[in-house]
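Listed below, chain by chain, are the residues.
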Amino acid sequence: MCILITGAGKGIGKAIAIEFAKKLQPNRETKLFLTSRTESDLISVKKICESYGAEVDYLVSDLSTTNAAKATFNIAINRFQQINCLVNNAGVGRFKSLFELTEDDYNFTMDTNLKATFFLTQLVFQSMQSAKNGHIFFITSIAAEKPFEQSALYCMSKFGQKGFVEVLRLYAQKCNVRITNVMPGAVFTPMWGEEGIRNEQRMMMPEDIAEPIVQAYYLPTRTSIEEIVLRPIAGDL
């Protein structure tokens, strides 16, 4: 069995992996399976997680293609036989005026945030459906509900993710699979670039997001937290 975390090399994904590692120590039959585009990041996170006693494997993968999503799923099943938790964390964004966004920006954003999320989840959910057990998390954003002027494509992709979550939940309710939509506000991660550095004191930290996710996973399986909304105490940026 494994917990599959995408985009686990940095930011929120890294924090989620470490938080799971802290809780997995007495439960060694479940392993962490981490994916990211950058191997050096994965090696670093793996070492931290192993220091807590967790068993960790990783895969360098760019999930923005359908073939990569299929390959990731197949490798996970071959190595671990069962995926009991999927954390759809991998996400990207390009933040510009509406009139500056290009087709390349569109493809870059949608291929990761929508296409990769959809096809990997489709495969994982089918396996969970057969097992009648599992938990899928989507790290969307408050941008799945609230528009931001410089985030046309990012908001579009996150609104789309939220729509998929709500449809998937209709299927999941019939087979004992839990679906949780996690909508963070501003979190201090590399995605924010210089603006994040300027506003660090106002922002949440990745570990603030990770802890309630792991807590939701370890609730009794009869109970599902459907949404987790987290915002900086000072409000949105």
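Residues numbered from 1 in each chain as written. Predicted model: local features only at pLDDT ≥ 70, side-chain atom pairs only at ≥ 80, totals over all residues. Heavy atoms only, no water.

> I'd like to hear about a nonpolar patch on the surface, residue by residue, with values.
Among the surface-exposed residues, V167, L170 and Y171 lie close enough to one another that they form a single nonpolar patch of about 310 Å² accessible area. With respect to the helices and strands, the residue L170 is situated in helix α5 (residues 152-172). Accessibility expressed as a relative area gives 52% for L170, which makes it exposed. (Patch = residues over 30% accessible without salt bridge, like charges linked within 9 Å, V, L, I, M, F, W, Y side chains within 5 Å. Areas by Shrake-Rupley, 256 points an atom, 1.4 Å probe, with all protein chains shown as cover. Salt bridge = Lys/Arg side-chain N within 4 Å of Asp/Glu carboxyl O. Helix = DSSP H or I, 4+ residues; strand = E, 2+ residues; numbered from the N terminus. Buried < 20%, exposed > 50% of the residue type's maximum accessible area, 1.4 Å probe, protein only.)

> Quick one: what's the story with the packing of helix α1 (residues 11-24) against helix α7 (residues 206-217), residue by residue and with numbers?
The geometry of α1 relative to α7 is characterised by a closest axis approach of 8 Å and an angle of 45° between their N-to-C directions. As summarised for this structure, α1 and α7 are arranged oblique, according to the angle between their axes. Between α1 and α7 lies a crossing whose hand is right-handed. Facing α1, whose interface residues are G11, I12, A15, I16, E19, F20 and K23, α7 presents P206, E207, I209, A210, E211, I213, V214 and Y217. Looking at the contact of α1 with α7 residue by residue, the class counts come to ten nonpolar, one polar and four charged. (Axes fitted to C-alpha atoms, helices over the stretch in contact; angles between N-to-C directions. Parallel < 35°, antiparallel > 145°, perpendicular 65-115°, else oblique. Left-handed = near helix turned anticlockwise from the far one by under 90°. Contact = heavy atoms within 4.5 Å. Nonpolar A, V, L, I, M, F, W, Y, C, P; charged D, E, K, R; others polar.)

> Explain the pattern of salt bridges to me, and be specific about the residues and the numbers.
One pass over the full model with this rule turns up 16 salt bridges. A salt bridge links D41 to K10; its shortest N-O distance comes to 2.4 Å. Placement of the pair is D41 in helix α2 (residues 39-50) and K10 in the loop between β1 (2-5) and α1, with a sequence separation of 31 residues. A residue is classified by how much of its surface remains accessible, and D41, at 16% relative accessible area, is buried. Measuring nitrogen to oxygen at the nearest pair gives 3.9 Å for the salt bridge that ties E227 to K162.

> Hey, could you go over the packing of aromatic side chains for me, with residue numbers and the actual values?
Scanning the entire structure with this criterion turns up seven aromatic pairs. Summarising the aromatic geometry, the rings of F33 and F80 are spaced 5.3 Å apart at their centres and angled 55° between planes, so their arrangement reads as tilted. Placement of F33 in strand β2 (residues 31-36) and of F80 in helix α3 (residues 66-80) is noted, with a sequence separation of 47 residues between them. The pair F33 / F80 is uniform in exposure class, with both members buried. With 5.0 Å between their ring centres and 90° between their planes, F118 and F119 make a pair best called edge-to-face. For F119, a relative accessible area of 28% gives the class partly exposed. Taken together through their ring pairs, the aromatic side chains of F118, F119, F138 and F164 make up a single cluster. (Phe/Tyr/Trp six-rings, centres within 6.5 Å; stacked < 30°, edge-to-face > 60°.)

> For the side chain of N84, give the residues involved together with the corresponding values.
Tracing the backbone through its elements, the reader meets N84 in strand β4 (residues 83-88). Under the relative-accessibility criterion, N84 is labelled buried at 7%. A polar contact is formed between the side chain of N84 and the side chain of Y217, at a distance of 3.0 Å. Beyond its immediate sequence surroundings of up to four residues, N84 is in contact with M1, C2, I3, T30, M128, G134, H135 and Y217. (Polar contact = N/O pair within 3.5 Å; in protein donor to acceptor, adjacent residues only side chain to side chain.)

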